[in-house]
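Take a look at the letters that make up each chain.
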Amino acid sequence: MVARTILMIILALPYMAFSQKLVSRNGHIWFYSHTPIEDIEAHNRQVVSILEPATGDIAFNLLIRSFEFRKALMQEHFNENFMESDKYPKSTFEGKITNLDKIDFKKDGTYTAEVAGNLTIHNVTRPLKVTGTIEVRGNLVTARAKFIATPQEYNITIPAVVEKNIAKEIEVTVEMPYSSN
Amino acid sequence: MRLTGKILLHAILPLLFLPANAQDLDKMLEEAVGSATEYTMATFKSTRIINGHSIERTPASQLDFRISHRFGQLNTGAYNLWGLDQANIHFSLEYGITNWLMVGVGRGTYEKTYDGFAKFSLLRQSKGERNMPFSLSLLTCATYNTLKWNQEGSLKKWDRMSYVTQLLIARKFNEWFSLEINPTYVHRNLVATGNDPNDLFALGAGMRVKVSKRVALMAEYYYVTPRQHDYQGADTFDPLAIGVDIETGGHVFNIMLTNSLAMIEKGFIGETTGNIADGGIHLGFNILRVFTLK
């Protein structure tokens, strides 16, 4: 009987270990560029991410082509000229929550999360530190963050003719709903 | 035996259902994005190559306002400032009803002609789940000539009509090079003389060579049959055009040299009278302004 119980626990272990992982398959990342001439925004609702509450590891992955603009021509320019999405189809982030001790994934509430890692856009990888929030509601965990990205830093050249239409600093907003698997 | 099987099952099962590590993000992304069909974009930069149509269509709710201009022939000399004194204009409004159907109406100086067209995007080049090596569009145009009738009798309305049907077949070979082939049928209801055929068959070819992010070299040529024909007593030639596409935010500029004066299919395919060898070349430009109506 005792042997049987031990065996059950051993069998359950892989599940317990894996259930630690939080997964998001339909995350939403959008960016916003404001200039006196034009406001531009684009939305990507197919962002995937894995968050490991035990270690604080957090990783994002998205396809550049999945960003949707209101103007089709703008979307074409974004892909063809600025992001070169044929050559560099993905953008990724890999990082760690640095204040993990302040976040209780088992207790409902909204926690401030500090994340540090590497963001890759247009094949350029740069360190990024972001302060966001993690909201725990039962089994649902939602991570939110906002940060500024500068096209120039990621080797994205904006031609002189549209220079005034595109902001030097682009505001990026992240909203990821996670569930355990 | 049964127990071993159970243990194995329980050890493997979690691996099947749950992402094991961050490398699985790629796989997750593929699943999230769904069918991984990637449609080729920007085979050509606009709905025209130079004079003629490209396979591109305006996406749904996009309105294009297009102004095209051809000067006179270079060989008209200094008196005409090598053609610059002459102005021949065509303007049009073109709209995407859906992502596969666009329509347009236009008016040109050339024979004071109104024109209308519909272009259907039938196949789109793609790779991934759905593999399609080329794009295919169908173009149908009708034109109505409103010149005053100075000859005897009267002209019936239908006599002023001409029709063009084109299959547009294109492939973007890589980021830098796109090629298009256009089998074309032109029908003119009334022609001036017995030497002007009512029906013309032509094979067009166009290409785009991208030289930088916003500049591309363009070329276009139509092989027209029957080979020997004239237009109102003047010899006709195969239309040839070379140009440069310059793209800014919401505009496309196209500057070209061509032996055709007309900017509608019926005109440049059937009625090109510029002899290149003799300096019968027109300088011209197209300007496209894009509006999104949604």
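Here the structure is a predicted model, which is why all the values come from computation and not from measurement.

What counts as what
Residues numbered from 1 in each chain as written. Chains lettered and ligands numbered in written order. Predicted model: local features only at pLDDT ≥ 70, side-chain atom pairs only at ≥ 80, totals over all residues. Heavy atoms only, no water. Helix = DSSP H or I, 4+ residues; strand = E, 2+ residues; numbered from the N terminus. Rg over C-alpha atoms; globule rule 2.2 N^0.38 Å. Buried < 20%, exposed > 50% of the residue type's maximum accessible area, 1.4 Å probe, protein only. Contact = heavy atoms within 4.5 Å. Lys, Arg positive; Asp, Glu negative; His and termini not counted. Charge placed at Lys NZ, Arg CZ, Asp CG, Glu CD. Patch = residues over 30% accessible without salt bridge, like charges linked within 9 Å, V, L, I, M, F, W, Y side chains within 5 Å. Areas by Shrake-Rupley, 256 points an atom, 1.4 Å probe, with all protein chains shown as cover. Salt bridge = Lys/Arg side-chain N within 4 Å of Asp/Glu carboxyl O. Polar contact = N/O pair within 3.5 Å; in protein donor to acceptor, adjacent residues only side chain to side chain. Phe/Tyr/Trp six-rings, centres within 6.5 Å; stacked < 30°, edge-to-face > 60°. Lys NZ or Arg CZ within 6 Å of the ring centre and 35° of its normal. Core = buried A, V, L, I, M, F, W, Y, C linked by side-chain atoms within 4.5 Å.

Colleague: Summarise the overall build of chain B; cite the residues concerned and give the values.
Modeller: Within chain B one finds 3 helices and 16 strands. Taken against the 2.2 N^0.38 rule, which gives 19 Å for 294 residues, the C-alpha radius of gyration of chain B at 25 Å runs more than 25% over that of a compact globule. Taking all 294 residues of chain B together, the buried fraction comes to 47%. Considering only contacts in chain B between residues 6 or more positions apart, those separated by 24 or more positions represent 57%. When the 29 basic and 27 acidic side-chain charges of chain B are each reduced to a single mean position, those positions are 7 Å apart.

Colleague: Which residues make up a nonpolar patch on the surface, and what values do they have?
Modeller: Residue and element names in this part refer to chain B. On the surface, a cluster of nonpolar side chains totalling about 810 Å² of accessible area is made up of Leu74, Leu81, Trp82, Leu84, Ile242, Ile246, Phe253, Ile255, Leu257 and Leu283. By residue number, the principal contributor to the nonpolar patch is strand β15 (residues 251-258), which donates 3 residues. Among the structural elements, Leu81 can be located in the loop between β2 (62-73) and β3 (88-96).

Colleague: Summarise the environment of Pro133 of chain B; cite the residues concerned and give the values.
Modeller: Residues and elements named next belong to chain B. Relative to the helices and strands, Pro133 resides in the loop between β6 (126-127) and β7 (135-145). In this structure, the C-alpha to C-alpha distance between Pro133 and Asn99, residues 34 residues apart in sequence, is 19 Å. Apart from the residues within four sequence positions on either side, Pro133 is in contact with Gln125 and Arg171.

Colleague: Requested: an account of the side chain of Asp64 of chain B, with residues and values cited.
Modeller: All names here are of chain B. Tracing the sequence through the fold places Asp64 in strand β2. With no salt bridge to any partner, buried Asp64 finds its closest opposite charge in Arg66, at an N-O distance of 5.0 Å. Polar contacts involving the side chain of Asp64 include one to the side chain of Gln62, which spans 3.0 Å. With sequence-adjacent residues up to four places away left out, Asp64 is seen in contact with Thr47, Thr58, Ser92, Leu93, Glu94, Leu288, Arg289 and Val290.

Colleague: If you had to explain the pattern of salt bridges to someone new, which residues and values would you point to?
Modeller: Opposite charge on two side chains allows them to pair when their charged atoms are near. Residues and elements named next belong to chain B. Tallied over the entire structure, the rule returns 23 salt bridges over all chains. In this structure, Arg48 engages Glu94 in a salt bridge whose closest nitrogen and oxygen atoms are separated by 2.7 Å. One end of the pair, Arg48, is in the loop between β1 (38-39) and β2; the other, Glu94, is in strand β3, and 46 residues separate them in sequence. In terms of burial, Arg48 and Glu94 fall into one category: buried. Residue Lys266 pairs with Glu271 through a salt bridge whose shortest N-O separation is 3.5 Å.

Colleague: Tell me about the packing of aromatic side chains, and name the residues and values.
Modeller: Applying the stated criterion across every chain, the model contains 10 aromatic pairs over all chains. Members of the aromatic cluster, joined through ring pairs, are Phe31, Phe67, Phe69 and Phe78 of chain A. In this structure, Arg107 of chain B packs its charged tip against the face of Tyr114 of chain B, placed 4.8 Å from the ring centre. Sitting over the ring of Tyr223 of chain B, Arg227 of chain B keeps its end group 4.0 Å from the ring centre.

Colleague: Give a description of the nonpolar core that names residues and reports values.
Modeller: Note that soluble globular proteins tend to have their nonpolar side chains buried in a common cluster. Membership of the largest hydrophobic core comes to 45 residues, with the highest contact counts inside it found for Phe60, Ile134 and Tyr178 of chain A. Of all hydrophobic cores here, the second largest spans 22 residues; its members include Cys141, Leu168, Ala202 and Ala216 of chain B.

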